[in-house]
Amino acid sequence: MNIKIRIDELRRLLNRYNYEYYIEDNSTVSDQEFDDLLHELIRLENENPEYKSDDSPTVRVGTVILDKFEKVTHDIPMMSLNNAFNEDDLYAFDERVRKVVSDVTYNVELKIDGLAGSLKFENGSLVLGATRGNGVIGENITSNLRTVKSIPLSIDYDNNLEVRGEVFMSKKSFDKSNTERRNLSQEEFKNPRNAAAGSVRQLDSKVAASRNLDMFIYSVISPVNHGLSTHIESLDFARKLGFKVNPLSKKCKTIEEVIEYINIYTEKRNDLKYEIDGIVIKVDELALYDVIGYTAKSPKWAIAYKFPAEEVITKINSITLQVGRTGQITPVANLDPVMVQGSTVSRATLHNEDYISEKDIRENDYVVIRKAGDIIPEVVRIVLERRTSESKKFSMISKCPVCNEDTSRKDGEVDLYCVNPFCDAKTIEGLIHFASRKAMAIEGLGDRIIEQFYNDNLIKTIDDIYMLEKHRMDLVVKEGFGQKSITKLLDSIEASKNNNLDKFLFGLGIRHVGEKVSKVLATKFKDIENFYELTKEELTDVDEIGEVIADSVISYFNDDKNKELLLKLKLLGLNMLYTSNVVLKEEFEGKTFVLTGKLELYKRDEAKALIESLGGKVSGSVSKKTSFVVAGTDAGSKLTKANQLGVKVISEQDFKDLLDR
Ligand code: IVH
């Protein structure tokens, strides 16, 4: 058969099956049949590169690796929406709209929690996929968006077309990605929004492809050019062209109907396969847009109702104790699993004995929980009305739950500690900390593996990590690892030997020496050999080092067991020197930055690392000493404070320009 004809046929089939699966949720072929066709197409395209094409389904597996993302200026700025937080705000919005136009129809839609994206098509082919950026300039992420299966690579429409929507990660893909990341001891994504934002900014589109992103289209740009007169018509138009459009939107004639819809989805949001953070209300008649008008940042014909932080009731089945790296014993509530803001919660920290008695928390009680700071679940209060005779008071034990040795609670402190230096729990947590991402970042040596190796006597102390190579064969036979994954693990252990001194110091888990103090100490004293002789004065002379930290450092380096460990590690070839990778840049040197609001061009960690690598500092709060406040979208009190104090506020784009200068 003619090769070109077969290639076209395969593309047609794959596009159809893809549409059925990702948009209609109704597959007519098996995964195996789909994969066979895809592989046949990949082979034919590789053998006949002249037929390769950017809108072939083969680009969905990800092929492109970029150095950086190009900037793109949006033809029409990507605005954001004003927020409503309660019914009063919604009535006020309705009143404002009706003051201008008395007869109006609304379309209410789910506010998908992801990031805004724009797609441009020319002659029916996807030519550009971009992020919102600062609304005026975004980034070209076409190669990553081409891997998103619900985005058509070609459409049956020849006019130029731009559509916009929300790129997101489903709850299922989010849980799957986090399980994988946990197993690789990579930092877990905080929530599906962060996961999606991080994924579209991957320079390697294969990585983006592996994240299973999705996209709902929520607007057609310049709709009048496409003969459209209402927003609902434009959604139907997009749907017919093959875009995925959320089916749960509703036409409403009154604000009361809008509120009813909001109440329904406030209840139902946990049952959805993706996260939503609110409801968007839009005027339906496009001709009214200009009449109602715009502010500098947002249209006046739409508003976003934001859900309050979700609180959920569940039962505490038991309270158990967890022993941390420092020996701190923390009570944890084991809950009937419940969904809170998109992920399943089955445990919540109860902090300490005092916290439990203050809130009178008991086993078998029902409690209200919510996520604090987006991720860590906390118990807000108990539901006293639901307490039964099964409710059981919790009493703190006096022995360590792991090693059964004595515990101590210092005068005036709330926390209980295991005093046994050889407690298994402490040792395992210490090893986990050493290998963790912010310390030595040994990929593949996560919590579960360390615990397994510890119990199998393969890793008992930090130096054992660097002697794991000797057990290569045991690992294949006994632990059932594949050759490939062992080689990967041993390679990352080997690579960690070259880490800078601050990472190593942090990994040692010296009490009171966190990530920041490790950096300060490493920068100042440079070589581990210098630490043995340090006096309290020398240490407290350093900014940010107080007496408690100084005492802890001195006692760590005076301990013979620690000295022995450090010597062994040195002989095993670990780097113990600090090499500065700071290249001072005038705009950053000695300056203090505060990052606030939602950043889109950089991850927070990334922005912080960049500032520090150029000689600047990052602070969490605004004061007169702050040099710059970098304000992303939805910046709140820090921005207000900066304005009050007259501190210079720059946008994320200005920040990028400073970096690029
Ligand atoms: S309409 C003029 N509709 O919410 C702005 N936005 O500030 C048009 N979002 O980042 C936005 N779901 O990406 C619209 N159904 C929806 C949406 C939605 C999520 C996001 C959007 C933007 C933010 C609003």
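Residues numbered from 1 in each chain as written. Predicted model: local features only at pLDDT ≥ 70, side-chain atom pairs only at ≥ 80, totals over all residues. Heavy atoms only, no water.

Caption draft 1: A look at the site of the ligand. Residues in close proximity to the ligand total 13 residues, the closest being Leu81, Glu109, Glu166, Tyr218 and Lys282. Residue Ile112 places a main-chain N or O atom 3.1 Å away from a nitrogen atom belonging to the ligand. The separation between an oxygen atom of the ligand and a polar side-chain atom of Tyr218 is 2.7 Å. Burial of the ligand by the protein chains amounts to 86% of its free accessible area of 520 Å². Where the shell around the ligand is concerned, the elements lending two or more residues are β3 (106–112) and β10 (276–283). If one sorts the elements of the shell around the ligand by residue count, β3 sits on top with 4 residues. For the shell around the ligand, a count of residues per class yields 8 nonpolar, 1 polar and 4 charged. (Near = heavy atom within 4 Å. Polar contact = N/O pair within 3.5 Å; in protein donor to acceptor, adjacent residues only side chain to side chain. Areas by Shrake-Rupley, 256 points an atom, 1.4 Å probe, with all protein chains shown as cover. Helix = DSSP H or I, 4+ residues; strand = E, 2+ residues; numbered from the N terminus. Nonpolar A, V, L, I, M, F, W, Y, C, P; charged D, E, K, R; others polar.)

Caption draft 2: A look at the sheet that holds strand β21 (residues 628–631). Across the sheet, 4 strands lie side by side as β20-β19-β21-β22; this open sheet has parallel pairing. Looking at the sheet topology across the chains shown, the edges are occupied by β20 (617–619) and β22 (648–651). Recorded for the sheet is a direction-independent mean angle of 35° between the axes of neighbouring strands. Relative to β21, strand β19 (residues 592–596) is paired through 4 bridges, and the arrangement is parallel. Residue Phe593 lies in a different strand from β21, and its bridge partner there is Phe628. (Pairing = 2+ DSSP bridges. Axes fitted to C-alpha atoms, helices over the stretch in contact; angles between N-to-C directions.)

Caption draft 3: Representation of helix α21 (residues 560–571) within the structure. When the terminal C-alpha atoms of α21 are compared, their 17 Å separation across 12 residues agrees well with the 16 Å that a helix rising 1.5 Å per residue should span. Buried within α21 we find Asn562, Leu565, Leu566 and Leu569. Buried residues of α21, viewed axially, fall in a sector of 95°; they line one side. Turned more than 90 degrees off the buried face of α21, the exposed positions are Asp560, Leu567 and Leu571. Against α14 (462–465), α17 (501–507) and α20 (547–558) lie the buried residues of α21. (Expected span 1.5 Å × (residues − 1). Buried < 20%, exposed > 50% of the residue type's maximum accessible area, 1.4 Å probe, protein only. Arc of directions from axis to C-beta. Contact = heavy atoms within 4.5 Å.)

Caption draft 4: Focus on the side chain of Ser143. Note on placement: Ser143 falls in helix α4 (residues 142–145). Accessibility expressed as a relative area gives 13% for Ser143, which makes it buried.

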